[in-house]
Amino acid sequence: MKIISFGVAKEITGALFIDFDAGENPVSIAELKENLFIRYPGLKKLSMLSVAVNNEYGTNETMVTNEDEVALIPPVSGG
């Protein structure tokens, strides 16, 4: 699957786009995040990490496949 990382998540992963193979069976966002935390430990230090699947926010229970487009959306601040 193609994972797009924004903001500080992009800085942590070192890339705007990440290729991730979920295998043949769908995985939950919770499982995906755990795998990403192993690969990029800095992501785990974020106070919050939202995940969107095909342009809609997902929950930890949302299932994703290799055909999905996933976005990592870190906390943002501004004024």
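Look above for the structure.
In this text the structure is predicted, and so the values were computed from the model without any measurement. (Residues numbered from 1 in each chain as written. Predicted model: local features only at pLDDT ≥ 70, side-chain atom pairs only at ≥ 80, totals over all residues. Heavy atoms only, no water.)

Focus: the nonpolar core
In summary, soluble globular proteins display a tendency toward joint burial of nonpolar side chains.
Then, number 1: Counting residues in each nonpolar core, the largest one holds 20 residues, and the members touching the most others are Met-1, Ile-3, Leu-32, Leu-36, Leu-43, Val-64 and Leu-72.
Then, number 2: Mapped onto this core, the elements with two or more residues apiece are helix 2 (29–39), strand 4 (50–53) and strand 7 (69–73).
Then, number 3: By residue number, the principal contributor to this core is helix 2, which donates 4 residues.
Then, number 4: The contact partners of Ile-3, leaving out residues within four places of it in the chain, are Leu-16, Phe-17, Ile-18, Phe-20, Leu-32, Leu-36, Val-70 and Leu-72. (Core = buried A, V, L, I, M, F, W, Y, C linked by side-chain atoms within 4.5 Å. Buried < 20%, exposed > 50% of the residue type's maximum accessible area, 1.4 Å probe, protein only. Helix = DSSP H or I, 4+ residues; strand = E, 2+ residues; numbered from the N terminus. Contact = heavy atoms within 4.5 Å.)

A short note on the pattern of salt bridges
Then, number 1: In this structure the tally under the stated criterion is 1 salt bridge.
Then, number 2: Between Lys-2 and Glu-69 there is a salt bridge, with its nearest N and O atoms 3.5 Å apart. Residue Lys-2 is found in strand 1 (residues 2–5), and its partner Glu-69 is found in strand 7; the two are separated by 67 residues along the sequence.
Then, number 3: On the accessibility criterion, Lys-2 (37% relative accessible area) is partly exposed.
Then, number 4: Note on Glu-69: relative accessible area 28%, which makes it partly exposed. (Salt bridge = Lys/Arg side-chain N within 4 Å of Asp/Glu carboxyl O.)

So, helix 2
Since the α-helix turns once every 3.6 residues, residues separated by three or four places project in the same direction.
Then, number 1: Buried within helix 2 are the following residues: Ile-29, Leu-32, Lys-33, Leu-36 and Phe-37. Summarising the axial view, the buried residues of helix 2 lie within an arc of 140°, below the 170-degree limit, and thus occupy one face.
Then, number 2: Looking at the packing, one finds that the buried side of helix 2 touches strand 1, strand 3 (27–28), strand 4, strand 6 (63–64) and strand 7. (Arc of directions from axis to C-beta.)

Notes on the side chain of Thr-13
Then, number 1: Checked against the element boundaries, Thr-13 lands in helix 1 (residues 7–13).
Then, number 2: Only 3.0 Å separates the side chain of Thr-13 from the backbone oxygen of Ala-15, close enough to count as a polar contact.
Then, number 3: Ignoring anything within four residues of it in the chain, the contact list for Thr-13 reads Ser-5, Ile-18, Tyr-40 and Leu-43. (Polar contact = N/O pair within 3.5 Å; in protein donor to acceptor, adjacent residues only side chain to side chain.)

Digging into unusual backbone geometry
Then, number 1: With a phi close to 50°, Asn-54 is a non-glycine residue in the positive phi region.
Then, number 2: Residues other than glycine seldom take positive phi values, yet Asn-55 does so here, at roughly 70°.
Then, number 3: Position of Asn-55 among the secondary structure elements: in the loop between strand 4 and strand 5 (56–57).
Then, number 4: The exposure class assigned to Asn-55 is exposed, which follows from its relative accessible area of 71%.

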